[in-house]
Amino acid sequence: MKKLMFLFYLIFSVTTVFSQQNAITGSVTEALTGEPIPGVSVIIKGTTSGTITDFDGNYTIEAANTDVLVFSFVGLAAQEVAVNSRTMINVQLEESTELVDEVVVVGYGQLKVKDLTSSISTVNSEELQKTPSGQAMQALQGKVAGMQVVSSGAPGDSPTIRVRGIGSYPGSNNEAPLYVVDGMFFDNIDFLNTSDIASISILKDASAAAIYGVRAANGVVLIETKSGKSNQKSEITYDGYYGIQVAQNVLKMANAEQYTTMAMESGSQTDIDNIYKAMQRYGRSRINPNVPDVNTDWYDEIMRVAPIQNHSLNVAGGSDKATYAIGTSYFGQEGILDMKNEYERFNLRSKVDFKATDWFTIGGNMIFSNATKYGQESSAWSMAYWAVPILPVYDELNTEAWPTNYASAEHLGYRGGQNPFAAIDFNNHQLKIRKVLANFYAKVDLIPEKLSFKTSYNHNLTSLNNRDVALPYFISTNFKRVDATLTKRSETYSNQIWDNVLTYDDSYEKHKWTVMAGTSFRDEAYDMLTAQGVNFPVDQEEAWYISQSDLANIPTTAVRDGGSRQYGISYFGRVSYNFNDRYLLYGTMRADGSSKYQEKWGYFPTVGAGWVVSEESFMENLQVIDFLKLRASWGQLGNDKIQASDGASTTNVVTTAFDDILYSGTTTASTYSSLEWEVTEEANIGLSSQLFDSRLSVEADYYIRDTKNAAIRVKIPSTGNSVLRNVGVVRNSGFELAMNWNDEITKDLSYSVGANISTLKNEVRDLYGQPYIDGGSAEFRQRSMVGESLLAFFGYEVAGVYQNDEQIQADPAAVANNLVPGDFIYRDQNGDNVINDDDRVVLGSYFPTFMYGANLGLNYKKIEFSASFVGQSGNKILNRKRGEVIWTPDYNMDADLAINRWHGEGTTNKYPSSAGLRKGWNQKMSSFFVEDGSFWRIQNIQVAYNFDNKKLFGTEMPNTKITLTADRPLTVFNYNGFNPEVADGIDRQTYPIPATYTIGLNVKF
């Protein structure tokens, strides 16, 4: 009995010893650098109890001797350490190399990278913040294979984004991807501050994007905003920069001497007389008395160095029950056009998640954005291109001008005033943009870690208030504005989405699967009201209201009221299966119902499969390959951005003679077409791999994407009219490759190198039996033909320039058209010695056939260096501004044309003569106007220094980083314009893209 009692006592004593809670202390450092890591999560395994390390990497936690502590930090490999009666545990965390275990965001959920069968690219916050821009998508240029980002230099303007080409007929705002911000749908994300974004995932192929149904035909961009972390003390972060924007690659125009020379060579007495009038009015140059004493560089006059700045303040943290992230930001950017041309945005955001019980979690997210944009006066760029250099900005002799004595080219004999400062000073375009994104969700764990249900409500409310003011002025007889006009337009967009999702996760031995099913209801409403006023008090902006206008003369035709409302209900599901971490199956299905089309329902399935080859036994001895996965997918996507119906009723008057008497009547024709969403079908094969101890990662994909019922124009034979129908077929296909290498040379020195390339072939496959569809304008023809790209440039191929009379006499086409030396030689494509429409050919496309990007990173102790590069080739640009100059003898021309013009035998075989510029023969749409759009750019260079564990005047400094950034400092191209990035390939005057230089500061408390 005593022995038994002693045994019970011994067991009790041991149990008490091992279950007793002891205070455990220690520190957590980074294995590579030995630096302490603040904010490391220290959790008792199997519980929610824990703490985080302080600024010096130290922690204290109460734990039993039998407990296991889990140390984790973003980007570092987690460690589990048994207590085993110890009171001090120091841990070193190493950088995580198991990238395949990372989790990426997919539609309505998350998946591990190793389980993906789709093509998805993810860019994190650190990469985004290297680019000083008000538009987060601008930071992705050159970083994602298969995605084209066409920049815009205008403040507040979003870049054009294309994922794997265009499947719809361009020009109807139907080519942009779908943006999903924390579950809410957007057409763009111009309201988001880059500092608030945690990650951006690009769902490129059908397998990844089809879960979003009719919105996903052009790809999906998923944005997750920043959240707090569990058991993290409050972290206050300031991030900001200030810098300047400088115009680069400024287009050189003909100076006064070059312009005068061309005018004298033109043979036009009017042009010559205008030169002499300029000499009489402004005097002769002291350097060259045959040139007027004015030499205005109009681009230099209208541009300025402009500031740009961004400031954000965020607080984030959490306990074992709740996480939070609250912040505010300000972004301001002035344009390089010297007028009221700027953009500023003020944002507030909050994101809270609360675990009310072990099975119930609720949360919410709200973003409020208040922006004001003063848009450019686009005509200023055109007028600066056209304005002759022999005209000054101001003219003291122009005493009749008011309110400013600007010069007018009319006084020299030209037909227009030309001076761009009238457009700059007397126009004001204000747009106020207010957006509210509200999100609320509740999640219930019906079966712990297996079955969950989540319901979420998203509401996006956007208010746009547009005010266009045109002020009166007088500069010359035909260069004036008599009445002040004011146009106001108010628009409101409301988009509500209610999602309900049921998710089941389970595993059994070697089997793992996830099954998801859900519904989504959407309600989209739009309201618009616009009106116009005239003759209001112009001197005070406070009076720029329609109520202050001349009410008796308000044009009623300018008052418009409109709106729309659409509903939709969707049902979707997804199955993901994993056998032995080796064989993967994936499938989704979405059924979309919409009030927009007469055909109410669309069905969008997808399937995917993956084989993790590196898990096979025959790969065990291959030390080089750490991970290798082959994947393939097929799916269908929808596009509901095309209109619901198209057509019109037309009435024509017909006159017929009977018995020598004329009779008139009318014929009426109705051509209507009921449209539906376009459906894109895509197949994708690819591989994902990691090699050399995960230092090298490789992603490769090949895809074929067919839009089989593209909405195209179809001619109606009986009426001569045309109507849109879902009968076209457009194919995009290409190859994508992304590679990244990361390595550590020493504990103080590491580096990374990355590159991506992609090809694109855009091809029209079917036009419903039509030989072609014309686009563009009659003067600058574009044509879509089977076997060619959409809206390809179409015209004559210039084979050279006639050099002498002997060459002209030997060419029947030149003799027939009375050509002279200095005129273009057009290639006779069919060899009939006649140049006519039959000799026109495809001159190229604005779609790049090859795109590439590269990045370099180097870290040495506290110093960080990074650089990125981007480029493209295979695309063409229509230099329409040059063509419009040629048509009109009043305008200036670019210096390239002035310097290289034909002015005698052998001087050039590419450019026409000064006289030839004014001839209709040389003004035809031809390869002379279609130029190479290829470019190469140093996209971004940044140098940063980290102040960690530093003391200033005896006080510890917070973690501080100072950055110097040069964004787009160098662009190399041959195109004769400011900028080789032209979204639709037609350059009438694109806003120059400036180089930006900033100094930044990041501080964490």
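The structure we're discussing is the one just above.
This text gives an overview of the structure that appears in the document.

## A short note on unusual backbone geometry
Glycine aside, the phi torsion of most residues is negative, and most peptide linkages are trans.
Then comes step 1: In this structure, Pro403 follows Trp402 across a cis peptide bond, with omega equal to -5°.
Then comes step 2: Among the structural elements, Pro403 can be located in the loop between α7 (379-386) and α8 (421-425).
Then comes step 3: Although it is not a glycine, Asn535 adopts a positive phi angle of roughly 55°.
Then comes step 4: Along the chain, Asn535 turns up in the loop between β27 (511-534) and β28 (560-579).
Then comes step 5: According to the relative accessible area criterion, Asn535 is partly exposed, its value standing at 36%.
Then comes step 6: Although it is not a glycine, Tyr768 sits at a positive phi angle of roughly 60°.

## Side note on the packing of aromatic side chains
Then comes step 1: Evaluation of the coordinates by the stated rule reveals 33 aromatic pairs.
Then comes step 2: Ring centres 5.7 Å apart and planes at 75° place the aromatic pair Phe185 and Tyr212 in the edge-to-face group. Of this pair, Phe185 sits in strand β14 (residues 184-186) while Tyr212 sits in the loop between α3 (206-209) and β16 (220-225); the two residues are 27 residues apart in sequence, bridging distant segments of the chain. Tyr212 carries the same exposure label as Phe185, and that label is buried.
Then comes step 3: With centroids separated by 6.2 Å and ring planes inclined at 55°, the aromatic side chains of Phe331 and Tyr343 adopt a geometry described as tilted.

## Here we look at empty space enclosed by the protein
Then comes step 1: Applying the stated criterion across every chain yields a total of nine cavities of 30 Å³ or more.
Then comes step 2: Considering only enclosed or pocket space, the largest cavity measures out at about 210 Å³ in volume.
Then comes step 3: Lining the largest cavity are 29 residues, with Gln148, Val149, Met851, Gly871 and Gln872 sitting closest to its centre.
Then comes step 4: Breaking the lining of the largest cavity down by element, the ones donating at least two residues are β11 (147-150), β37 (749-759), β45 (850-860), β46 (863-873) and β47 (876-878).
Then comes step 5: Residue contributions to the lining of the largest cavity peak at four residues, all from β11.
Then comes step 6: Of the residues contributing to the lining of the largest cavity, the split by class is 14 nonpolar, 11 polar and four charged.
Then comes step 7: Its volume calculated, the second largest cavity comes out at about 160 Å³.
Then comes step 8: If you trace the second largest cavity, you find 20 residues lining it, with Ser133, Gly134, Ser152, Gln333 and Arg968 closest to the centre.

## A few points about the pairing of β28
Then comes step 1: For β27 and β28, the ladder comprises 20 bridges, and the chain directions are antiparallel. Within the sheet, the bridge partner assigned to Phe521 lies in β28 and is Ile569.
Then comes step 2: Strand direction decides the pairing type here: β28 and strand β29 (residues 583-594), joined by 12 bridges, are antiparallel. Within β29, the position partnered with Arg574 by the bridge is Thr588.
Then comes step 3: Hairpin connection between β28 and β29: a loop of three residues separates the two successive antiparallel strands, and Asn580 in this loop has a positive phi of roughly 60°.

## Considering the pattern of salt bridges
Where charged atoms from two side chains of opposite charge approach closely, those side chains can pair.
Then comes step 1: A full pass over the atoms with the stated rule returns 47 salt bridges.
Then comes step 2: Residues Asp823 and Lys919 are paired through a salt bridge, measuring 2.6 Å at the closest nitrogen-oxygen approach. Taken as a pair, Asp823 in the loop between α10 (812-816) and β43 (824-826) and Lys919 in the loop between α12 (895-900) and β48 (930-932) lie far apart in primary sequence, 96 residues in all.
Then comes step 3: By relative accessible area, which is 0% here, Asp823 ends up buried.
Then comes step 4: Connected through shared salt-bridge partners, Arg215, Arg522, Glu524, Arg590, Asp592 and Asp640 make up one network.

## Regarding the packing of helix α4 (residues 256-265) against helix α5 (residues 269-282)
Then comes step 1: For the pair α4 and α5, interaxial distance at closest approach is 7 Å and the crossing angle is 140°. Here α4 lies oblique to α5, going by the angle between them. As for how α4 packs across α5, the hand of that crossing is left-handed. Only Asp271, Ile272, Ile275 and Tyr276 of α5 make contact with α4, whose side of the interface consists of Tyr259, Thr260, Ala263 and Met264.
Then comes step 2: Of the residues assigned to the contact of α4 with α5, the class counts are six nonpolar, one polar and one charged.

## Structural notes on the sheet that holds strand β6 (residues 76-82)
Then comes step 1: Across the sheet, four strands lie side by side as β3-β2-β5-β6; this open sheet has antiparallel pairing. Lying at the two open borders of the sheet, with one neighbouring strand each, are β3 (50-52) and β6. Shown here is a sheet whose adjacent strand axes are inclined to one another by a mean of 15°, direction ignored.

## Points about α5
Then comes step 1: Taking 1.5 Å as the rise per residue, α5 with 14 residues should run 20 Å; its terminal C-alpha atoms sit 20 Å apart, in good agreement.
Then comes step 2: For α5, the full list of buried residues reads Asp271, Ile272, Asn274, Ile275, Ala278, Met279 and Tyr282. End-on view of α5: buried residues confined to an arc of 155°, all on one side of the axis. Exposed residues pointing more than 90 degrees away from the buried face of α5 are listed as Gln269 and Gln280.

## Here's the deal with the nonpolar core
The tendency in soluble globular proteins is for nonpolar side chains to be buried as a group.
Then comes step 1: Counting 99 residues, the largest nonpolar core has Tyr299, Ile302, Leu337, Ile390, Leu391 and Phe928 as its most contacted members.
Then comes step 2: In terms of residue count, α7 provides more of this core than any other element does, five residues in total.
Then comes step 3: Every residue in contact with Ile302, bar those within four places of it in the chain, is listed here: Ile336, Leu337, Asp338, Ala380, Trp381, Ala384, Pro420, Phe421 and Ile424.

## Description of the side chain of Asn892
Then comes step 1: Tracing the backbone through its elements, the reader meets Asn892 in the loop between α11 (880-887) and α12.
Then comes step 2: At a separation of 3.2 Å, a polar atom in the side chain of Asn892 contacts the main-chain carbonyl oxygen of Ala254.
Then comes step 3: Residues in contact with Asn892, not counting those within four places in the same chain, are Met253, Ala254, Tyr259, Tyr385, Trp386, Ala387, Val388, Pro389 and Val885.

## Observations regarding a nonpolar patch on the surface
Then comes step 1: On the surface, Val753, Leu856, Leu858, Tyr860, Ile863, Phe865, Val943, Tyr945, Ile962, Leu964, Ile999 and Leu1001 cluster together to form a nonpolar patch covering roughly 960 Å² of accessible area.
Then comes step 2: For the nonpolar patch, the elements supplying multiple residues, two or more each, are β45, β46, β49 (935-947), β52 (959-973) and β53 (995-1004).
Then comes step 3: Here the nonpolar patch takes three residues from β45, the largest share from any one element.
Then comes step 4: Topologically, Val943 is positioned in strand β49.
Then comes step 5: For Val943, a relative accessible area of 38% puts it in the partly exposed group.

## With respect to the environment of Arg731
Then comes step 1: With respect to the element layout, Arg731 can be found in strand β36 (residues 722-744).
Then comes step 2: Note: C-alpha distance between Arg731 and Gly165 (566 residues apart in sequence) is 9.1 Å.
Then comes step 3: When residues no more than four places from it in sequence are discounted, the contact partners of Arg731 are Ile704, Arg705, Asp706, Lys761, Asn762, Glu763 and Arg765.
Then comes step 4: Within the local environment of Arg731, its side chain forms a polar contact with the side chain of Asp706, the two groups lying 2.7 Å apart.

## Some thoughts on the pairing of β46
Then comes step 1: Across 11 bridges, the pairing between β45 and β46 is antiparallel. The residue bridging Leu856 from the neighbouring strand is Ala867, located in β46.
Then comes step 2: What sits between the antiparallel neighbours β45 and β46 is a turn of two residues, in which Lys861 has the positive phi angle 50°.

So, how was this worked out
Residues numbered from 1 in each chain as written. Predicted model: local features only at pLDDT ≥ 70, side-chain atom pairs only at ≥ 80, totals over all residues. Heavy atoms only, no water. Helix = DSSP H or I, 4+ residues; strand = E, 2+ residues; numbered from the N terminus. Buried < 20%, exposed > 50% of the residue type's maximum accessible area, 1.4 Å probe, protein only. Phe/Tyr/Trp six-rings, centres within 6.5 Å; stacked < 30°, edge-to-face > 60°. 1 Å grid on protein atoms, 1.4 Å probe; cavity = no way out; pocket = protein on both sides within 12 Å on 5 of 7 lines; lining within 4 Å. Points joined across faces, edges and corners; volume = space filled by probe spheres on them. Nonpolar A, V, L, I, M, F, W, Y, C, P; charged D, E, K, R; others polar. Pairing = 2+ DSSP bridges. Salt bridge = Lys/Arg side-chain N within 4 Å of Asp/Glu carboxyl O. Axes fitted to C-alpha atoms, helices over the stretch in contact; angles between N-to-C directions. Parallel < 35°, antiparallel > 145°, perpendicular 65-115°, else oblique. Left-handed = near helix turned anticlockwise from the far one by under 90°. Contact = heavy atoms within 4.5 Å. Expected span 1.5 Å × (residues − 1). Arc of directions from axis to C-beta. Core = buried A, V, L, I, M, F, W, Y, C linked by side-chain atoms within 4.5 Å. Polar contact = N/O pair within 3.5 Å; in protein donor to acceptor, adjacent residues only side chain to side chain. Patch = residues over 30% accessible without salt bridge, like charges linked within 9 Å, V, L, I, M, F, W, Y side chains within 5 Å. Areas by Shrake-Rupley, 256 points an atom, 1.4 Å probe, with all protein chains shown as cover.

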